[in-house]
Amino acid sequence: MSNCFFSNSGAEANEAAIKIARLHGHQRNIDTPTIIVMEGSFHGRTLATLSATSNRQVQAGFEPLVSGFVRAPFNDLEAVRTIAKNNGNVVAILVEPIQGEGGIHIPDDNYLPELRALCNENDWLLMLDEVQTGNGRTGKYFAYQHYPVKPDVVTTAKGFGKGVPIGVCMAAGPAATTFQPGNHGSTFGGNPLACAAALAVINTLFDDNLIDRAHRMGQLIKETLEQQLGGADYLTEIRQKGLMIGVELSEPCTPLVELALAKGLLLNVTSERVIRLLPPLIITEEEALEIGTCVAKLIKTYVGDDRKKPRER
């Protein structure tokens with residue numbers, strides 16, 4: 001990535017990416033530039049990023065939504081190829097390398113490389129939303145670095161400032177010069193405080209080997225969960241890439257959020273049945289084992305072997 005535009009959040013970074021795609025389309029004389037987005041995606045809560053998101057619960061009540069998006073199932077290359085054949089207005093693909101809010105869905109190894117090839121064939125931009133997956137979270141600085149892929153646009157935020165509000169939209173090749181002076185702006189984007197914080201984060205990630213630690217600690221948590229839950233009929237799947245972990249159960253488990261909080265553990269449940277774990281990158285081996293053990297016990301208590309059975313009459 002050669003050019004960066006700094007903003008205050010991931011939603012703002014994705015707004016910039018959407019604007020780059022539309023400018024790219026208009027420069028190719030496409031009157032209604034359209035972006036392919038994925039079912040199960042989450043890109044933000046501004047009107048444009050909300051429209052790109054595929055979650056009716058967060059969209060409801062905010063209609064009319066912004067047009068210019070067409071949806072394909074995540075990890076389904078044939079669906080994208082079908083859109084390519086039937087829609088001449090497509091100018092870009094916007095996709096999360098791993099779906100976070102959608103339930104920690106990790107695509108097949110050939111998914112991003114094949115999307116890159118489709119974009120090359122059709123003169124589309126490949127735009128990756130790494131707001132949640134970036135900054136060491138998956139055991140690489142960016143999740144796309146697990147694959148032989150170079151995107152045109154990458155966005156990130158969240159862990160980029162580690163609590164200080166900052167986001168960034170990065171671009172390479174022709175996408176890097178699509179914006180010209182006056183095309184885009186942000187009142188507080190690129191302010192000295194936020195940029196100093198982000199620089200400190202980047203230096204710490206590399207100086208303290210936290211990216212490699214994310215890979216090792218994520219594996220340890222997954223192994224602990226597998227040891228304690230493996231073979232259980234209420235466990236659908238454990239999905240993990242670095243410290244991005246999803247434990248999918250066979251039934252809804254939203255109350256586990258409060259049950260875990262009572263035990264001093266912060267977790268989330270997304271898509272009703274997926275426990276989402278995003279531990280800090282500074283986690284120790286002891287803490288990783290504790291998380292895996294605690295989550296396994298909570299699951300057993302709520303849906304599994306240790307659940308209280310009703311008394312027989």
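The coordinates are above.
It should be emphasised that the depicted structure is a prediction, and the values quoted were computed from it without experimental measurement.

(A) Region of interest: the pattern of salt bridges. The final tally for this structure, using the stated rule, is 10 salt bridges. Across the pair Glu63 and Arg56 runs a salt bridge, and its minimum N-O distance is 2.6 Å. According to the relative accessible area criterion, Glu63 is partly exposed, its value standing at 39%. Two residues, Glu114 and Arg81, come together in a salt bridge whose shortest N-O distance is 3.2 Å. Here Glu114 is found in helix α5 (residues 111-122), whereas its partner Arg81 is found in helix α4 (residues 77-86), with 33 residues between them in sequence. Look at Arg81 and you get partly exposed, because its relative accessible area is 26%. Connected through shared salt-bridge partners, Glu237, Arg239, Glu248 and Arg273 make up one network.

(B) Quick peek at the side chain of Gln99. With respect to the helices and strands, Gln99 occurs in the loop between β4 (90-95) and α5. Overall, the relative accessible area of 3% leaves Gln99 in the buried class. From its side chain, Gln99 meets the backbone oxygen of Glu39 in a polar contact 2.9 Å long. Setting aside residues up to four positions removed in sequence, Gln99 forms contacts with Met38, Glu39, Gly40, Ser41, Phe74, Ile104 and His105.

(C) Examining the nonpolar core more closely. In this structure, Ile93, Val95, Leu225, Ile275 and Ile299 are the most contacted members of the largest nonpolar core, which totals 67 residues. Broken down by element, the residue count for this core peaks at 8 residues, all from helix α7 (residues 210-229). Those residues in contact with Val95 that sit more than four places away from it in its chain are Met38, Phe74, Tyr111, Leu112, Leu115, Leu126, Met127, Leu128 and Asp129. Counting residues in each nonpolar core, the second largest holds 22 residues, with Ala17, Ala21, Ala171 and Ala176 among its members.

(D) Region of the structure containing helix α1 (residues 10-27). With 18 residues, α1 extends 26 Å from end C-alpha to end C-alpha; this agrees with the ideal 26 Å at 1.5 Å per step. Looking only at α1, the buried set comprises Gly10, Ala11, Ala13, Asn14, Glu15, Ala16, Ala17, Ile18, Ile20, Ala21, His24 and Gly25. Two or three places before Glu12, at the start of α1, stands the capping residue Ser9, its side-chain oxygen 3.2 Å from that residue's backbone nitrogen. Among the residues trailing α1, Asn29 stands out with phi positive, at a value near 65 degrees.

(E) Structural context of the packing of α7 against helix α9 (residues 285-302). Where α7 contacts α9, the axes come no closer than 8 Å and their chain directions differ by 35 degrees. Here α7 runs over α9; the crossing is right-handed. For the pair formed by α7 and α9, the contact residues are Met217, Leu220, Ile221, Thr224, Leu225, Gln228 and Leu229 on the first element and Glu285, Ala288, Leu289, Ile291, Gly292, Thr293, Val295, Ala296, Ile299 and Lys300 on the second. Split by residue class, the contact of α7 with α9 holds 11 nonpolar, 4 polar and 2 charged.

(F) Expanded view of the side chain of Glu248. Mapped onto the fold, Glu248 is located in strand β9 (residues 244-249). At 3.0 Å, the side chain of Glu248 and the side chain of Arg273 are in polar contact. If sequence neighbours within four positions are ignored, Glu248 has contacts with Tyr234, Leu235, Thr236, Glu237, Arg239, Arg273 and Val274.

(G) Just the packing of aromatic side chains, in detail. Evaluation of the coordinates by the stated rule reveals 4 aromatic pairs. Centre to centre, the rings of Tyr141 and Phe142 are 4.9 Å apart; their planes meet at 75 degrees, and the pair counts as edge-to-face. Accessibility assignment for this pair places Tyr141 and Phe142 in one class, buried. Consider the rings of Phe142 and Tyr144, whose centres lie 5.9 Å apart with planes at 10 degrees: the pair is stacked. Tyr144 shares its class with Phe142; the two are buried. Taken together through their ring pairs, the aromatic side chains of Tyr141, Phe142, Tyr144 and Phe206 make up a single cluster.

(H) Structural context of the pairing of β4. Of all 6 residues making up β4, 6 are buried, and the element is well covered by its neighbours. Examined bridge by bridge, strand β2 (residues 34-38) and β4 share 3 bridges and lie parallel to one another. Note on β4: the bridge partner recorded for Ile35 is Ala92. Sheet topology note: the β4/strand β5 (residues 125-129) ladder contains 4 bridges and is parallel. Pairing of Val95 across the sheet is with Leu128, part of β5.

Rules of the game
Residue numbers here run from 1 along each chain, matching the order of that chain's written sequence. Reporting of local features is limited, given that this is a predicted model, to residues whose pLDDT is at least 70; pairs of side-chain atoms are given and counted only at 80 or more, and all residues count toward the totals for whole chains, interfaces and linings. To get the side-chain values, take all heavy atoms of the structure and skip hydrogens and water. In the sections that follow, a salt bridge refers to a side-chain nitrogen of Lys or Arg positioned within 4 Å of a carboxyl oxygen of Asp or Glu. Each residue gets one of three labels from its accessible area relative to the maximum for its type: buried under 20%, exposed over 50%, partly exposed in between, using a 1.4 Å probe on protein chains only. For the purposes of this entry, the term helix denotes a DSSP run of H or I that reaches at least four residues, the term strand denotes a run of E that reaches at least two, and both are numbered from the N terminus. We call two N or O atoms a polar contact when they sit within 3.5 Å, provided that within protein one can donate a hydrogen and the other can accept it, with sequence-adjacent residues counted only if both atoms are side-chain atoms. Residue contacts are defined here by distance: any two heavy atoms, one from each residue, within 4.5 Å place the two residues in contact. Residue types Ala, Val, Leu, Ile, Met, Phe, Trp, Tyr and Cys, when buried and joined through side-chain atoms within 4.5 Å, form a set referred to as a nonpolar core. Take the number of residues in a helix, subtract one, and multiply by 1.5 Å to get its expected span. Axis definition: a line fitted to C-alpha atoms, over the contacting stretch in the case of helices. Angles run 0 to 180 degrees between N-to-C directions. Here is the rule for handedness: rotate from the far helix to the near one, and if that takes an anticlockwise turn smaller than a right angle the crossing is left-handed, while a clockwise turn gives right-handed. Each residue is assigned to one class: nonpolar for Ala, Val, Leu, Ile, Met, Phe, Trp, Tyr, Cys and Pro, charged for Asp, Glu, Lys and Arg, and polar for all the others, Gly among them. Paired rings are identified among Phe, Tyr and Trp, the last through its six-membered ring, by centres lying within 6.5 Å, and are further divided according to the angle between planes into stacked (under 30 degrees), edge-to-face (over 60) and tilted (the rest). Strands pair, by our definition, only if DSSP identifies at least two bridges between them.

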